[in-house]
Amino acid sequence: MAVGQAPRACLLVAVLLGSAATVITGCTTSGNQCVTVPIDREPALQRTPCPAGAPSNATCGTLSVPEAGVVASQDVGASTGASTSCLLDIAWITLTPESVTNQVPLFILGGGPGDPLLRRISEVVALTDAAAPGQVIVAHDPRGVGSSAPTLDCRDVPVEEGMDRDAWLASCANTYRAQGHDDRAYRTAILVQDVIELASAMGFETFDVLGVSYGSRLAQALVRAHPERVRALVLDAATPTDTPLLEVGAGHLRDALARVFADCNASDGCRSRFPNLASQVEETLAQLTNDPAPLALGESTFPLSPELYASTLSILLSRGALLPAVPAYIAEVHAQNYDAVTFLLSNIRVPETAFFMHHAVMCAEELPRNDRARAIADRASFPAYSEELLYDTLTATCEAMRLPTDESTPTETPVAVPTLALTGRYDPLSPTSNWPEFSDRFPNGTLVDIPTGHGALRDPCGQQAIVAFLNNPGAFALPACVGSRVTPGFSNTSLEVLRPALER
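A brief look at the structure comes next. Worth saying up front: this structure is predicted, and the values here are computed from it rather than measured.

In this section: the environment of Ala 44. With respect to the element layout, Ala 44 can be found in strand S2 (residues 44-48). For the pair Ala 44 and Val 448, spaced 404 residues apart in sequence, the C-alpha separation works out to 39 Å.

Structural data, given as C-alpha cells:
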C-alpha cells in the first residue's frame, strides 16, 4: 500500500512512535521534476495567482533560485563542481492590512525544519492580525517545502510490497538524487540566504522577524549573519541554536508534567478534583507496560503502549488550547477510560513536514551537537518517553538516506538587535530552562515565560507582548497580563476541552 493510502489515525500513531516509513500523510504526487538552470542564475521574483482560500489582501508569488547556487557562492558544504542546478520556486505570500501603521514588514519563519506554513495561511492570518496589526506580513514555504516546488517530502515515493523502513528511506533519497537534487543545498545558512534574497527582491532593506520553534533558530542565524537588515527580532517557542535537542526531550517532558502537578496542587479546585496526578501517571505507565490497552482507531486497532501514552501527554502540553485538559486526561486514563485518547488520536492534525528536506538539515546540524551517552541518561529520567532512543532513530535515518552528519557548531555571538523571546511554562520542547545565558546572548533582549505550551503566538497574552514589542522594540514594556495568569484554568473533563479545540 502506498504511504498516502494509510488511514489518518494509523499514520499519527506511526509518527508518535517514530516509524519513519509512515510519516507522510494525505499523499499526492509532488511533481518533483528537476528543471536545470545555470548555477549562477540570479534569483527572480514572480507574481502568481493566490490559492483558493487566501484572503483578499493577499499577494502571492515565487522566488526562483538555483538550488545549488548558494552552496557554490557561500561555500556551504563542498562545491558541486557543476555548472547547472535544479531550479527552485520558493512560494511566498504577503498580507497587507487595510491600514498600515507600522511601515516595517514582518517576516514569519515557520518551524520544522520543513513545516509548510502556507498550507495553514488562515491560521497565519488570524494570529498575525492579533499579534502584528498594522504590519505587512510576509510568509513563505522554505525550499523543498509545501507550496514551494519541487517539494522534497517523499510523498511520491511508494512503499513497495515487502519494503522495510530502511529500504523506503533509501528509495526516497535516491529518487531525489536521481532527479538532480543536492541535499547539501538544505542547511540553515542557505535558508537564511533565501530569506535575504526574498526581502531584497521585494525591496525591503529592513524588516522585523518572528521565528517559531525551528524558525526561532533560523531567525537567530539570520540576525547574526545580517544584523543590519533586522529592526526587531521575536523568538517564539524560543530555542537556542546550540541546544542538543536529542539530549533533553525526556527530561523536559518530565519537568513540564511536574509544573502541571505543582500548579494543580496550588489550586484548591484542581487539587480537590485531581489530588494524585504524579502517582497516577506512574501507575498508568506501569499498567500499560504490562498490559497495553487496545484502541480502536478507524478500521484498525492499536495498543496504547506507555510510549504512545507519553506522546499524547506531550501533545497536550505542547498545544496551548489543549493544556486545560491535562489533569482530567491523566485521571481518566488512569481509570482506564480511553475515550479522550481515541478522540485525540483520531482528530489531531498529522504533521506534514517535508521529510527529505527536514532530515537533510537535521542530520547535518542536529545530530553532531548531541552526545549519545547524554541522550541515554536523559531518557533514563523518563524511560517510557520513547520506544526508541531518538538519537538512534535519527542516526539510523541519516544512514539509510546517506545524508551527511557534518561536524558544525553554530556561532553564538551576542545579538545587539532588540529581541523578545517567548517560552511556554508547560512546553516540553523549548522551555525557559534552555536559556541560562540569555542576557549574555541578547543584551538588548527580554525573555518572557507565558503559561502556555509550544508557541506563545497562539496565546492572548503572548500576542499582547508581541504587539507591544513590535510597536516600540527599543523601549519595550511588558503588558499587564504577563505574570497575572497563574494557570491555564484546568477543566473537569478532558473531552470538554478537546472537542471544541480539535473539531474545527
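Residues separated by three or four positions in an α-helix point in the same direction, a consequence of the helix having 3.6 residues per turn. With 14 residues, helix H5 (residues 188-201) ought to run about 20 Å at 1.5 Å a step, and its terminal C-alpha atoms sit 20 Å apart, in line with that. Within H5, 10 of the 14 residues are buried, which leaves the element mostly enclosed by the surrounding structure. Just downstream of H5 lies Gly 203, where phi reads positive at about 85°.

Per the stated rule, a full pass over the model turns up 23 salt bridges. Glu 366 is paired through a salt bridge with Arg 217; the nearest N and O atoms lie 2.8 Å apart. Of this pair, Glu 366 sits in the loop between helix H13 (355-365) and helix H14 (372-380) while Arg 217 sits in helix H6 (residues 214-225), and the two are 149 residues apart along the sequence. Assigned by exposure class, Glu 366 and Arg 217 land together as buried. Among the ionic pairs, Arg 271 bridges to Asp 268, the shortest N-O distance being 2.6 Å. A residue pair is termed a helical-turn pair when its members lie 3 or 4 positions apart in one helix, as Arg 271 and Asp 268 do in helix H8 (residues 268-273) at three residues. Accessibility expressed as a relative area gives 34% for Arg 271, which makes it partly exposed. Put simply, Arg 224, Asp 242, Glu 412, Glu 437 and Arg 441 are held in one network by salt bridges that share partners.

All right, on to the state of the cysteines then. Per the stated rule, a full pass over the model turns up six disulfides. Here Cys 34 is linked by a disulfide to Cys 86, with a sulfur-sulfur distance of 1.8 Å. Taking the torsion about the sulfur-sulfur bond, which here is approximately -115°, the covalent link between Cys 34 and Cys 86 counts as left-handed. Placement of Cys 34 in the loop between helix H1 (8-16) and strand S1 (36-38) and of Cys 86 in strand S4 (residues 84-95) is noted, with a sequence separation of 52 residues between them. Each member of the pair, Cys 34 together with Cys 86, is buried.

On to empty space enclosed by the protein. Enumeration over the complete set of coordinates arrives at three cavities of 30 Å³ or more. Here the largest cavity is characterised by a volume of approximately 80 Å³. For the largest cavity, the lining is made up of 13 residues, of which Leu 109, Gly 110, Gly 111, Pro 142 and Leu 218 are closest to its centre. For the lining of the largest cavity, a count of residues per class yields eight nonpolar, four polar and one charged.

Bringing helix H10 (residues 306-318) into the picture now. For H10, with 13 residues, the first-to-last C-alpha span of 18 Å sits near the 18 Å given by 1.5 Å per residue. Taking burial as the measure, the 13 residues of H10 include 13 buried ones, the bulk of the element.

Next up on the list: the packing of helix H7 (residues 249-265) against H10. It is the contact of H7 with H10, at a shortest axis distance of 11 Å, that shows an interaxial angle of 60°. It follows that H7 is oblique to H10 by the angle criterion. For H7 against H10, the interelement crossing comes out left-handed. Along its contact with H7, which presents Leu 253, Ala 256, Leu 257 and Val 260, the element H10 presents Ala 310, Leu 313, Ser 314 and Leu 317. Residues belonging to the contact of H7 with H10 are distributed by class as follows: seven nonpolar, one polar and no charged.

Let us look at the packing of H10 against helix H11 (residues 326-334). Closest axis-to-axis distance for the H10/H11 pair is 10 Å, and the angle between their directions is 160°. When the interaxial angle is binned, H10 and H11 end up roughly antiparallel. Considering the relative orientation of H10 and H11, their crossing is right-handed. Residues Tyr 309, Thr 312, Leu 313, Leu 316 and Leu 317 of H10 form the contact with H11, whose participating residues are Val 326, Tyr 329, Ile 330 and Val 333. Grouping the constituent residues of the contact of H10 with H11 by class yields eight nonpolar, one polar and no charged.

To continue, consider the packing of aromatic side chains. For any pair of aromatic rings, the description rests on two quantities: the centre-to-centre distance and the angle between the ring planes. Overall, the coordinates contain nine aromatic pairs when judged by the stated rule. Ring geometry for Trp 168 and Phe 355: centres 5.7 Å apart, planes at 45°, overall tilted. In this pair, Trp 168 sits in helix H4 (residues 165-178) while Phe 355 sits in helix H13, placing the two residues 187 residues apart along the sequence. This pair shows no difference in class: Trp 168 is buried, exactly as Phe 355 is. A centroid spacing of 5.9 Å and a plane angle of 65° characterise the contact between Trp 435 and Phe 442, whose relative ring orientation is edge-to-face. The class of Trp 435 is buried, set by a relative accessible area of 6%. Between the NZ or CZ atom of Arg 143 and the centre of the ring of Tyr 186, over which it lies, the distance is 5.8 Å.

About the thresholds
Residues numbered from 1 in each chain as written. Predicted model: local features only at pLDDT ≥ 70, side-chain atom pairs only at ≥ 80, totals over all residues. Heavy atoms only, no water. Helix = DSSP H or I, 4+ residues; strand = E, 2+ residues; numbered from the N terminus. Expected span 1.5 Å × (residues − 1). Buried < 20%, exposed > 50% of the residue type's maximum accessible area, 1.4 Å probe, protein only. Salt bridge = Lys/Arg side-chain N within 4 Å of Asp/Glu carboxyl O. Disulfide = S-S within 2.5 Å. 1 Å grid on protein atoms, 1.4 Å probe; cavity = no way out; pocket = protein on both sides within 12 Å on 5 of 7 lines; lining within 4 Å. Points joined across faces, edges and corners; volume = space filled by probe spheres on them. Nonpolar A, V, L, I, M, F, W, Y, C, P; charged D, E, K, R; others polar. Axes fitted to C-alpha atoms, helices over the stretch in contact; angles between N-to-C directions. Parallel < 35°, antiparallel > 145°, perpendicular 65-115°, else oblique. Left-handed = near helix turned anticlockwise from the far one by under 90°. Contact = heavy atoms within 4.5 Å. Phe/Tyr/Trp six-rings, centres within 6.5 Å; stacked < 30°, edge-to-face > 60°. Lys NZ or Arg CZ within 6 Å of the ring centre and 35° of its normal.

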